[in-house]
Amino acid sequence: MNEEFVEQFEALIDKYTELLTGDATPELNEKVKIWALYTYISKTMPALAKHWNGLYPEGKEEMKNIILEIKKLNEEHRAKESKE
């Protein structure tokens, strides 16, 4: 994987995070990456996600917090956008 591609992909994540939540900080970008990948895994390989949840209950709780945070930010962003 070349450096130019990585930079281009990071720009995609940055824009996706901004469109999804209304902001794009490095920390929020990382949370969106984790959220997106976990969501994909849980839909395509639910048994794997369930196994991971069982192995790492503290990780499962952190994942729930990330999911709730992104959901809240998205709802707030959509509400703000609809008022404008």
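What you see is a predicted model, and the numbers here were worked out from it, not measured in a lab.

Asker: Mind showing me how you'd approach the overall build of the chain here?
Answerer: Of regular secondary structure, the chain possesses four helices and zero strands. Ordered by position from the N terminus, the helices and strands of the chain form the series α-α-α-α. Its C-alpha atoms give the chain principal-axis dimensions of roughly 45 × 40 × 20 Å. By residue count, 21% of the 84 residues in the chain fall in the buried class. For the chain, the accessible area works out to roughly 6,500 Å², and carbon and sulfur atoms hold 59% of it.

Asker: When you look at the nonpolar core in this model, what are you seeing that I'm missing?
Answerer: Considering soluble globular proteins, one finds that nonpolar side chains tend to be buried as a cluster. Counting residues in each nonpolar core, the largest one holds five residues, listed as L20, V32, W35, I66 and I70. Each residue touching L20, except ones within four places of it in the same chain, is listed here: V32, W35, I70, L73, N74 and H77.

Asker: Explain helix α4 (residues 57-83) to me, please; I cannot follow it from the model alone.
Answerer: The end-to-end C-alpha distance of α4, which contains 27 residues, comes to 39 Å, matching closely the 39 Å that a straight helix rising 1.5 Å per residue would cover. Buried residues of α4: G59, M63, I66, I70, N74 and H77, and no others. Tucked inside the fold, the buried residues of α4 contact α1 (3-21), α2 (26-44) and α3 (46-55).

Asker: How do you make sense of the packing of aromatic side chains when you look at a structure like this?
Answerer: Think of a pair of aromatic rings as described by two things: how far the centres are apart, and how the planes are tilted against each other in angle. Tallied over the full model, the rule gives three aromatic pairs. Relative to Y56, the ring of W52 has its centre 6.0 Å away and its plane inclined at 45°; by these criteria the two rings are tilted. For W52, a relative accessible area of 29% gives the class partly exposed. On the basis of relative accessible area, Y56 is assigned to the partly exposed category, the value being 38%. In this structure an aromatic cluster arises from ring pairing among Y38, W52 and Y56.

Asker: What exactly am I supposed to notice about the packing of α1 against α4 here?
Answerer: A packed helix pair is summarised by two numbers, namely the angle formed by the two axes and the spacing between the axes. For the pair α1 and α4, the least separation of the axes is 7 Å and the interaxial angle reads 65°. Between α1 and α4, the crossing angle belongs to the class labelled roughly perpendicular. Taken together, the residues of α4 that come into contact with α1 (itself represented by E18, L19, L20 and T21) are I70, L73, N74 and H77. Its residues assigned to classes, the contact of α1 with α4 shows four nonpolar, three polar and one charged.

What counts as what
Residues numbered from 1 in each chain as written. Predicted model: local features only at pLDDT ≥ 70, side-chain atom pairs only at ≥ 80, totals over all residues. Heavy atoms only, no water. Helix = DSSP H or I, 4+ residues; strand = E, 2+ residues; numbered from the N terminus. Buried < 20%, exposed > 50% of the residue type's maximum accessible area, 1.4 Å probe, protein only. Areas by Shrake-Rupley, 256 points an atom, 1.4 Å probe, with all protein chains shown as cover. Core = buried A, V, L, I, M, F, W, Y, C linked by side-chain atoms within 4.5 Å. Contact = heavy atoms within 4.5 Å. Expected span 1.5 Å × (residues − 1). Phe/Tyr/Trp six-rings, centres within 6.5 Å; stacked < 30°, edge-to-face > 60°. Axes fitted to C-alpha atoms, helices over the stretch in contact; angles between N-to-C directions. Parallel < 35°, antiparallel > 145°, perpendicular 65-115°, else oblique. Nonpolar A, V, L, I, M, F, W, Y, C, P; charged D, E, K, R; others polar.

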